[in-house]
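Secondary and tertiary structure notes
Listed here are the chains, written in short residue letters.
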Amino acid sequence: MSLEVLVQQLLNALSLGSIYALLALGLAVVYSVLGLLNFAYGELITINGYIMFVLIGAGVGFWVAALVGIVAAVAASLLIERTAFRPLRGASATTVIFSSFAVSVIIQNLIRNLVSPRPKGIAIPSWMDGVVAVGPFRLPVLSLITVAVALVGGVILTTLLTRSRHGLAMRAAAEDFTTARLMGVRAGRMIIFAFGVSGLLAGIAGFLWVARRGAVTPTMGFTPLLEAFIAVVLGGFGKLSGAVYGGFLLAFIEVALHLPAPLRPFTSALTLVVVVVILFVRPQGLAKAVEGRVA
Amino acid sequence: MKKLYALITAVALTLTACGAGATPTTTTTEGPSVTTTTAAQAAPAEPILIGFAGDFSDIYSFYDTPVREGAELAVAEINAAGGVLGRPLEFVARDGRNNQDETMRATQELIDQGAAYLVGSTGDPYLAQASLACEAGIPISTGDGTAPTLVGDAGPCAFQLIMSDNLQAAVDAEYAWSQGYKTAYLLRSTEIPYTNDLPTYFAAAFEHAGGKVIGEDVYRIDAGDYNVQVTAIAALDPAPDVIFTPMFIPDTPVFLRQLRAAGIEIPVLSTDGAVDASILEAGDAVEGLVATTHAWPADDNSMAKFDAKYKEATGAEPESPVVAIGYDEIYIVKQIIEDAGSTDPEAMITALLNLKNFHGVTGTLSMDPTTRRVDKEVTLVKISGGEIRFLDQFMPTFIPKVG
């Protein structure tokens, strides 16, 4: 394999990793506060996609539709908190997980019955499918946008978490929710804030996902949920930075395992084997390992 | 809590009201006021039950729903024309939601109700469902399932009444050869038989014709990103003349957009899973895509006539060519009942094995009694000018063996 191909594949991994990192971060935000995974998280992406599909169909411009889609993902995330999580505060983790599963199934079936079980195409502006050539490398415009959006999203989120009171409280809650509550952090408000941030990240990542797929399907949220989940596990539960490391690492593992031709049919299985091996060596996930080294 | 009680009461009242509404209707039809002689003369012939435990709400509803819609139109037409052997057809579709237990239960209930024939689900529970049908000795189709291995795995009462994957791959291969393509590159997913086996059939037919497969890659269904595969294709030296992939929507446009964005202009051939109106949203990237499918409207062909008829009957265009599959299947059932002269399952199976030159909407079908799959022409379509257009329709000269 030539160096050019290798670099090109690294760029592919970087772009994919950006989406995974955003997705994983959104899932981890809720986990860090509640200690529970929101399995309806993938449906936030689906909702974003279908809102875009409906609005574009009604003649609304692509970017307005994308913006409304992101807002809808935030609203849906808050609604899920209100209907599937809040009434079950104090219930066992299994109960809440089932509740979020139920929301996921309900949303998928609503879309199948109200829109269509068939995939629906969304026309993506053609310039987004363009390529910027830099020397021997071709940089797909969509990949550049993805990396840029992930960077901007990351900076906004970091600022939010480090500069605002809510952010400080959120980080405190992520470290130790009980102690944070004893220090005066209001649990209810913090949980709503976490779901809001989660919805925003899902909305942004969802937009990038839809732009990549150019189509919506009722089950389109499953793959992003699965990738985000693996990334969060890899990164270490409860560590927001870990979700980002996990997202990028997962993308690099996936791309790297695809390079040797004989391994290709086993990429998905081997990816999980590598994840298991990493967790075997570092059961706490990446984040603690990285931060431990820094300390 | 009060609200809950109010809700329960309201639901109970509604249900009672529905029940009360239903009762007088039953009494009217079976009421004693009608004289016995008239009742005997007017007694309708016992309907012939055709059952379809399909997936109408989960992922395979994408296929099973259009099959059902086509079947319903055919049943309505046949009944309006006097039924089969003087008996009306009764088509009962039950939603198994792609769930093994629910599909099995629905299938068993349809068998218990005396179904003479079953339309098979395209969904995952098909093999389990077919084994129930075979235990009862009732013929069952593969629905819109194109994998040729399905009939062998399901048992002696199972039949494939549509083009099978080895046929469509062979048509793709012969088309590729006719275009002067000498080398091909395959892109498969090992996840399901459809995406795993089609490239194998294509390779067999393409190499039989004289072509050469110079490489292949693997993709993941619904991965949402195929840049890794595209980069590998871009690095191929020499580049292949054609790329064959059984990718289906929504994956096909994702791959094609990334492929074309990379400046790769190699023609791409695909199969029926890619043929759907939603692919057109991908614009220029999908221009030139050639794919096989069951049938496609053109000029005044049978599919164009069917589309017009369907629109007249339902007010809407058929959602996909799969509607015609359901329609053809019911007419095949009519044909075999007439050939058998009864609804005896064994006689119907014999009639199915001997089905020859059935002229349906999707083409002329003849059953191969050894494989229990029909031989039929496969349609090729091409995306040009932002539309899916009929390109050709033929039976391949070489049919790859099924593994």
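Residues numbered from 1 in each chain as written. Chains lettered and ligands numbered in written order. Predicted model: local features only at pLDDT ≥ 70, side-chain atom pairs only at ≥ 80, totals over all residues. Heavy atoms only, no water.

**Describing the interface of chain A and chain B**
- Taken together, the contacts link 39 residues of chain A with 35 residues of chain B.
- A buried area of about 3,100 Å², summed over both sides, lies between chain A and chain B, and 49% of it is on carbon and sulfur atoms.
- Considering only the side of chain A, the residues that lose the most area to chain B are Arg118, Arg212 and Arg213 of chain A, jointly responsible for 22% of the buried surface there.
- At the junction of chain A with chain B, the criterion picks out eight salt bridges.
- Here arginine 213 of chain A and aspartate 222 of chain B are joined by a salt bridge, their closest N and O atoms 2.4 Å apart.
- Mapped by element, the contributors of at least two residues to the side of chain A that touches chain B are helix H1 (3–34), helix H4 (93–114), strand E1 (120–121), strand E3 (137–140), helix H5 (141–163), helix H8 (187–213), helix H9 (222–235) and helix H10 (240–258) of chain A. (Contact = heavy atoms within 4.5 Å. Buried area = accessible area lost by both parts, 1.4 Å probe. Salt bridge = Lys/Arg side-chain N within 4 Å of Asp/Glu carboxyl O. Helix = DSSP H or I, 4+ residues; strand = E, 2+ residues; numbered from the N terminus.)

**Concerning the environment of aspartate 272 of chain B**
All names here are of chain B.
- Looking at the secondary structure, you find aspartate 272 in the loop between strand E9 (268–270) and strand E10 (290–293).
- Between the alpha carbons of aspartate 272 and threonine 293 there is a distance of 4.3 Å; along the sequence they are 21 residues apart.
- Among residues more than four places away in sequence, those in contact with aspartate 272 are Thr146, Met163, Gln168, Tyr194, Thr292, Thr293 and His294.

**Concerning the sheet that holds strand E13 (residues 373–375) of chain B**
Residue and element names in this part refer to chain B.
- An order of E11-E12-E13 is seen for the three strands of this open sheet, with the pairing classed as antiparallel. Both edges of this open sheet fall to strand E11 (358–360) and E13, since each of them pairs with a single strand only. Looking at each pair of strands side by side, their axes are set apart by 45 degrees on average, direction ignored.
- Bridging between E11 and strand E12 (residues 363–368) involves three bridges; their strand directions are antiparallel. Within the sheet, the bridge partner assigned to glycine 360 lies in E12 and is glycine 363. (Pairing = 2+ DSSP bridges. Axes fitted to C-alpha atoms, helices over the stretch in contact; angles between N-to-C directions.)

**Some words on the confidence of the model for chain A**
- In the predicted model, chain A carries a mean pLDDT of 87, and the fraction of residues at 70 or more is 97%.
- Across residues 289–295 of chain A the pLDDT falls below 50, and counting only partners more than four positions away or on other chains, this stretch makes four contacts in the model. (pLDDT = per-residue confidence, 0-100.)

**Looking at the layout of surface pockets**
All names here are of chain A.
- Quantified by volume, the second largest pocket comes out at close to 510 Å³.
- The wall of the second largest pocket is formed by 24 residues, among which Leu25, Thr158, Leu240, Ser241 and Val244 lie closest to the centre.
- At the level of elements, H1, H5, helix H6 (165–175) and H10 are the ones that each hand at least two residues to the lining of the second largest pocket.
- Looking at the lining of the second largest pocket, the element that brings in the most residues is H5, giving nine residues.
- Looking at the lining of the second largest pocket residue by residue, the class counts come to 14 nonpolar, six polar and four charged. (1 Å grid on protein atoms, 1.4 Å probe; cavity = no way out; pocket = protein on both sides within 12 Å on 5 of 7 lines; lining within 4 Å. Points joined across faces, edges and corners; volume = space filled by probe spheres on them. Nonpolar A, V, L, I, M, F, W, Y, C, P; charged D, E, K, R; others polar.)

**Remarks on the state of the cysteines**
Residues and elements named next belong to chain B.
- One pass over the structure, following the stated rule, counts one disulfide over all chains.
- Residue pairing for cysteine 134: its cysteine sulfur links by disulfide to cysteine 157, the two sulfurs lying 2.0 Å apart. The sign of the S-S torsion, about -95 degrees, decides the handedness of the disulfide formed by cysteine 134 and cysteine 157: left-handed. Here cysteine 134, found in helix H5 (residues 126–136), pairs with cysteine 157, found in the loop between helix H6 (149–154) and strand E5 (158–159); they are 23 residues apart in sequence, far enough to count as distant.
- Judged by its relative accessible area of 3%, cysteine 157 falls in the buried class. (Disulfide = S-S within 2.5 Å. Buried < 20%, exposed > 50% of the residue type's maximum accessible area, 1.4 Å probe, protein only.)

**Thoughts on the pairing of strand E15 (residues 387–394) of chain B**
All names here are of chain B.
- Bridging between strand E14 (residues 378–384) and E15 involves seven bridges; their strand directions are antiparallel. Counted as the bridge partner of isoleucine 383 is isoleucine 388 from E15.
- From the end of E14 to the start of E15, which pair antiparallel, there are two residues, and glycine 385 there has a positive phi angle of about 60 degrees.

**With respect to the packing of H9 of chain A against helix H11 (residues 267–281) of chain A**
Residues and elements named next belong to chain A.
- Packing of H9 against H11 leaves a shortest axis separation of 10 Å and a crossing angle of 25 degrees. The orientation of H9 relative to H11 falls into the category roughly parallel. When the axes of H9 and H11 are compared, the crossing they make is left-handed. Residue-level inspection shows Ile230, Val233 and Leu234 of H9 in contact with H11, the latter providing Leu272, Val275, Ile278 and Leu279.
- Classifying every residue of the contact of H9 with H11 by side-chain character gives seven nonpolar, no polar and no charged. (Parallel < 35°, antiparallel > 145°, perpendicular 65-115°, else oblique. Left-handed = near helix turned anticlockwise from the far one by under 90°.)

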